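Architecture and fold: a report
Given next are the chains, with one letter for each unit.
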Amino acid sequence: MPDENNFYLTKEGLKKIKKEYEDLLQIKHLKTTGEAPKILHSEDVDPEYLAYQEDLSMLDSKLLELENILKNTKLIKMPPKTQQDAIDLGATVLVEIGGSKDEFVIVGTLEANPAEGKISNESPVGRQLLGKKVGDEIVVSSPHKTVYKIKKIKYSIA
Amino acid sequence: MEKILDFLIKAGNLKKMPRTGFVWLGVKEPETIAQHSYRVALMNWILGMKEKRKMNIEKVIKTSLVHDICEVYAGDMTPYWGLLPADPVQRLEMLKHYIRLPKGVKLKRDRVKHNKEKKALQKLIKGLDQKDRKEMMDFWMDYEKMRNREGRFVRQGDKVETLLQALEYWGSAPDTPVMGWWEEVEEVVDIPVLRDFLDKLEKNFYKKKAAFGEIEFLMKIGQFKKMPRRGWVLREVKNPETIVEHAFLTALAVWLLGSRKRLNHEKMLKMSLAYEICEIYAGDETPYDKLISGGNKNEVLKRWPKLLKKEKERLFIQDYKKEKKALEKLTANLHPRLKKELIGLWDECKRQTTFEGTFVNQVYWLTTYLQALQYYKINKKFPIWGWYEQVRQYIYDPALIRFLDILEKKFLSRKLVIDPDQP
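In this report, the structure presented in the accompanying data block is examined.

**With respect to the overall build of chain A**
Each helix and strand in chain A was counted, giving three helices and seven strands. Reading the helices (α) and strands (β) of chain A from amino to carboxyl end gives β-α-α-β-β-β-β-α-β-β. Evaluated residue by residue, chain A yields a buried proportion of 44% over its 158 residues. Residue pairs in contact within chain A that sit at least 24 positions apart in sequence constitute 56% of those at least 6 positions apart. Summed over all atoms, the accessible surface of chain A reaches about 8,800 Å², with 50% contributed by carbon and sulfur.

Below is the structure:
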């Protein structure tokens with residue numbers, strides 16, 4: 001079962017985050033070497049200086065956030081064939097809900113975007129689906145009960 | 001600055017745009033996109049502060065403010081767009097549940113929606129300075145793609161606020177279908193603070209436990225969404241701007257007009273959102289109220305009230321005490337730290353004791369004047385002179401005075417600004 005202190009990422013998701021981190025590092029390097037406004041030591045209120053300062057503090061906080069993610073990343077891997085009948089991170093799941101078919105892939109919170117069909121393993125639906133097999137049902141009990149019947153489980157992680 | 005004005009006028013259209021989902025459900029006078037965005041910003045700020053993984057609250061508020069502004073041009077596309085049957089009965093049936101689709105179809109529809117909204121946002125912000133444009137686009141993308149903590153929080157908070165609104169409609173009209181929204185949040189919301197809030201919502205609405213703390217506070221804000229500004233009611237404006245719609249536009253104006261100022265931006269945004277909430281209990285009084293009696297209303301509204309300094313001071317203190325008491329009542333069950341912060345922000349803005357408070361107070365009057373000028377543009381009988389006189393006393397920040405000039409150039413011709421006392 002996934003550990004809540006880790007960030008679960010697909011290979012593609014990890015690549016994206018690494019690239020973002022490297023790009024930001026490069027931007028920071030440029031800003032602190034070549035692009036720094038000449039009035040850096042002045043205390044005058046200067047819009048350019050202020051924008052520069054804001055940019056840097058935003059950059060730093062973003063870099064810290066990404067570093068923390070990279071330090072605690074667990075890569076989502078294809079489970080061994082014998083375990084592919086159960087839902088785990090990375091599974092594409094076809095379900096039936098009240099007669100309608102719905103489909104989504106279970107991902108970590110950083111990659112979740114239900115509008116794109118990616119559900120977080122930490123959402124109530126994602127959490128309950130983990131470990132279930134074709135033919136199983138889960139009941140999501142917000143005030144209204146919703147029954148998810150699992151029809152198909154597929155793994156296609158690169 | 002002309003471009004900021006253009007932006008604010010266009011973004012102001014969100015005050016007239018009802019949210020599609022509630023229109024389809026047949027809700028009478030549904031909330032507008034501006035009203036929704038206001039409470040999303042306030043709610044995400046308050047709940048965001050409780051989040052274990054610390055977030056940048058300025059970013060949370062800005063992302064909340066910007067999350068739906070593309071709808072000025074793109075319209076409000078719900079997850080059901082393009083799929084609802086024309087037949088109202090079948091349509092209502094479909095709306096009872098969250099939309100279910102194959103993954104590929106979801107992805108394709110999301111791309112179409114995203115591209116349309118991105119283009120709309122680019123169109124809306126194209127005249128702004130590069131810095132502001134970049135910030136707005138970045139924050140919107142953070143929300144759209146849930147690409148950082150703040151973006152994810154706002155995206156999920158948006159769904160929670162919508163559910164809360166649906167439950168409030170359901171509370172007063174029990175045939176309002178809310179199951180679809182519950183189904184949605186169960187798939188979308190995974191942030192512990194928001195999950196905890198959802199649990200409390202369930203207890204409040206289904207197990208009839210009394211609302212307390214943030215829920216009680218945010219539900220009071222919900223009632224406030226429809227409260228029209230007294231100034232417009234007095235002047236008999238049809239479908240007048242509400243207090244929260246004004247606060248939404250003021251927050252956007254503070255963001256853009258204050259972006260180059262060496263001030264605390266997070267504080268100014270919070271002030272814009274919190275400044276008027278005392279009116280839930282204090283009511284929205286205007287300086288004209290005490291002067292109107294019998295049939296003299298039209299005469300009184302013509303001019304900004306002239307009073308002696310002592311009288312002004314007396315009225316200010318009276319007003320201050322009343323609003324503070326109202327704010328204390330409204331925030332009574334909030335965490336003491338949050339309560340203190342909300343009262344402190346209001347106090348700084350009301351008494352203008354800090355640079356931030358002074359600036360936000362002036363922007364508040366500037367966006368009020370902008371709305372008055374828009375009413376005047378539609379109806380030349382709208383008494384504009386009182387506002388014209390007032391802003392000349394209330395606005396003194398050099399940048400805001402420049403903005404005032406631009407505003408008047410756009411809306412007032414020299415010929416029209418005639419002292420009403422002159423023949």
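**A short note on the sheet that holds strand β4 (residues 100–107) of chain A**
The sheet built from five strands is open, its strands ordered β5-β4-β3-β7-β6 (chain A) with mixed pairing. Across the chains shown, the open sheet's two edge strands, defined by having one partner strand only, are β5 (118–120) and β6 (137–141) of chain A. Across this sheet, the average inter-strand angle for adjacent strands is 40°, counted without regard to direction. Here strand β3 (residues 91–97) of chain A pairs with strand β7 (residues 145–155) of chain A via six bridges, running antiparallel. Within the sheet, the bridge partner assigned to Glu96(A) lies in β7(A) and is Lys149(A). Of the strands in this sheet, β4, β5, β6 and β7 of chain A touch helix α10 (residues 179–188) of chain B, which is tilted by about 40° from β7(A).

**Some points on the interface of chain A and chain B**
For an interface, size is often stated in terms of accessible area lost upon the parts coming together. The interface of chain A with chain B comprises 43 residues on the first partner and 39 residues on the second. In total, chain A and chain B occlude about 3,400 Å² of area from one another, counting both sides; carbon and sulfur atoms represent 52% of this. Summed over the three residues of chain A that lose the most area to chain B, namely Glu116(A), Pro143(A) and His144(A), the buried surface amounts to 16% of that side. For the interface between chain A and chain B, the tally reads three salt bridges. When the shortest N-O distance is used, the salt bridge between Lys106(B) and Asp102(A) registers 2.8 Å. The tally of links between chain A and chain B comes to 14 residue pairs in polar contact (both at pLDDT 80 or more). Of all the secondary-structure elements, those providing two or more residues to the side of chain A that touches chain B are α2 (47–71), β3, β4, β5, α3 (124–129), β6 and β7 of chain A. In terms of residues, the side of chain A that touches chain B owes the most to one element, α2(A), which gives eight residues. Residue composition of the side of chain A that touches chain B, grouped by class: 20 nonpolar, eleven polar and twelve charged.

**Topic: the packing of aromatic side chains**
All names here are of chain B. Within the structure shown, the criterion is met by 17 aromatic pairs over all chains. With a centroid separation of 6.0 Å and an interplanar angle of 65°, the aromatic rings of Trp-182 and Tyr-206 are classed as edge-to-face. Separated by 24 residues along the polypeptide, Trp-182 in helix α10 and Tyr-206 in helix α11 (residues 192–206) bring together distant segments of the chain. By way of ring pairs, the aromatic residues Tyr-275, Tyr-288, Trp-304, Tyr-364, Trp-365 and Tyr-394 are connected into one cluster. We note Lys-123 situated over the ring of Tyr-73; from NZ or CZ to the ring centre the distance is 4.1 Å. Note that Arg-235 overlies the ring of Tyr-288, its terminal NZ or CZ placed 4.8 Å from the centroid.

What counts as what
- Residues numbered from 1 in each chain as written.
- Chains lettered and ligands numbered in written order.
- Predicted model: local features only at pLDDT ≥ 70, side-chain atom pairs only at ≥ 80, totals over all residues.
- Heavy atoms only, no water.
- Helix = DSSP H or I, 4+ residues; strand = E, 2+ residues; numbered from the N terminus.
- Buried < 20%, exposed > 50% of the residue type's maximum accessible area, 1.4 Å probe, protein only.
- Contact = heavy atoms within 4.5 Å.
- Areas by Shrake-Rupley, 256 points an atom, 1.4 Å probe, with all protein chains shown as cover.
- Pairing = 2+ DSSP bridges.
- Axes fitted to C-alpha atoms, helices over the stretch in contact; angles between N-to-C directions.
- Buried area = accessible area lost by both parts, 1.4 Å probe.
- Salt bridge = Lys/Arg side-chain N within 4 Å of Asp/Glu carboxyl O.
- Polar contact = N/O pair within 3.5 Å; in protein donor to acceptor, adjacent residues only side chain to side chain.
- Nonpolar A, V, L, I, M, F, W, Y, C, P; charged D, E, K, R; others polar.
- Phe/Tyr/Trp six-rings, centres within 6.5 Å; stacked < 30°, edge-to-face > 60°.
- Lys NZ or Arg CZ within 6 Å of the ring centre and 35° of its normal.

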